[in-house]
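# Descriptive analysis of the structure
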Amino acid sequence: MLITLENVEKHYSGFHLNCSMEVPEGCVTALIGPNGAGKSTTFKAILGLIFPEGGKIELFGKPLEQLTAEDREQMGFVLSDSCFSGYLNLEDLVPILDRMYRRFDRKDFLERCGQFGLPMGKKLKEFSTGMKAKLKVLIAMSHGARLLILDEPTAGLDPMGRIEILHQIKQLQQETGLTILLVSHSMEDVAEYVDRIIVMNKGKILFDDIPREVFSHYKELEEVGLAAPQVTYVLHALKDRGFDVDVNATTVEEAARTLERAVSGRK
């Protein structure tokens, strides 16, 4: 396990975090939950930005307080827009990133910028929201990180922009084998692109499983203010009308396959 939280506690006014979770190496894991569920508090605790009042956090098999500078270099984070001058272009960023990260790979960074369709000559202030989102992810990965932590990496993007960046993140993860922990509010996104889902509510873990198992509890998710992917509701409606469909399909592709089989079986 790359990340382990054991009975991690934090109290605020009217809120109590008591969280135990594991993030396996080489997987894309999504942390989801309604507002106030404890996702941000959990993220901050993992990053060492707040200090829990109890419990244990381990990264890379070590207690958080024992991580070395070399250990922390294995972690990638998404940086905010304000970290760099808008008057820089991508080539201007290279020497800055080289100073920031000891293991920065200039050639790989520029190649991936091209794969993401980022314009070399444009100034950062001229980048669209989608371009900036892609650049943040690439910067986080530019030094060979084993662990990538993303807080709402698709926030502010339109549906096509979300699909593009999540597809690229998943592709890069498959190529490199890195571990990704992300927060997202889009159920369609997490159903399509993650390996595991951890659902939080009121400071505790509600579910921790593969997407199809988590979304099979769609009624319980609704009770805490979350919704399953739209295909879940469509398939349940068809099942109620007598179609032999797999109601646990979570992606459009899975739904299409089970619908094709159901229609063929009725001919």
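The structure presented is a predicted model; accordingly, all values stated were derived computationally and were not measured.

Cut-offs and rules
- Residues numbered from 1 in each chain as written.
- Predicted model: local features only at pLDDT ≥ 70, side-chain atom pairs only at ≥ 80, totals over all residues.
- Heavy atoms only, no water.
- Axes fitted to C-alpha atoms, helices over the stretch in contact; angles between N-to-C directions.
- Helix = DSSP H or I, 4+ residues; strand = E, 2+ residues; numbered from the N terminus.
- Parallel < 35°, antiparallel > 145°, perpendicular 65-115°, else oblique.
- Left-handed = near helix turned anticlockwise from the far one by under 90°.
- Contact = heavy atoms within 4.5 Å.
- Pairing = 2+ DSSP bridges.
- Salt bridge = Lys/Arg side-chain N within 4 Å of Asp/Glu carboxyl O.
- Buried < 20%, exposed > 50% of the residue type's maximum accessible area, 1.4 Å probe, protein only.

## Section: the packing of helix α3 (residues 90–100) against helix α4 (residues 106–115)
- Viewed as axis vectors pointing N to C, α3 and α4 meet at an angle of 150 degrees, and their least axial separation amounts to 11 Å. Our classification of the angle between α3 and α4 gives roughly antiparallel. Both α3 and α4 take part in a crossing whose hand is right-handed. Residue-level contacts link L90, V94 and L97 of α3 to R106, F109, L110 and C113 of α4.

## With respect to the sheet that holds strand β3 (residues 28–32)
- Strands sit in the order β6-β7-β8-β3-β9-β10 across an open sheet of six strands; the sheet is mixed. Either end of the sheet is taken by a strand with one partner, and the two such strands are β6 (75–77) and β10 (204–209). Within this sheet the neighbouring strands show an average axis-to-axis angle of 15 degrees, counted without direction.
- Here four bridges tie β3 to strand β8 (residues 179–183), and the two strands are oriented parallel to one another. Bridge pairing in β8 links A30 to L182.

## Thoughts on the sheet that holds strand β2 (residues 15–23)
- Spatially, the four strands line up as an open sheet ordered β2-β1-β4-β5, and their pairing is antiparallel. Single-partner strands in this sheet number two, and they are β2 and β5 (62–63).
- Summarising the sheet, strand β4 (residues 54–59) and β5 pair through two bridges and their orientation is antiparallel. Across the sheet, residue L59 finds its bridge partner in β5, namely K62.

## Points about the pattern of salt bridges
- One pass over the structure, following the stated rule, counts 14 salt bridges.
- Between K10 and E53 there is a salt bridge, and its shortest N-O distance comes to 4.0 Å. Of this pair, K10 sits in strand β1 (residues 3–12) while E53 sits in the loop between α1 (39–47) and β4; the two residues are 43 residues apart in sequence, bridging distant segments of the chain.
- Classification of E53 as partly exposed rests on a relative accessible area of 48%.
- A salt bridge links R212 to D246; the nearest nitrogen and oxygen atoms lie 3.0 Å apart. On the criterion of sequence distance, the pair formed by R212 in helix α8 (residues 211–215) and D246 in the loop between α10 (230–240) and α11 (252–266) is long-range, its members being 34 residues apart.
- The exposure class assigned to R212 is partly exposed, which follows from its relative accessible area of 26%.
- With relative accessibility at 27%, the residue D246 sits in the partly exposed group.

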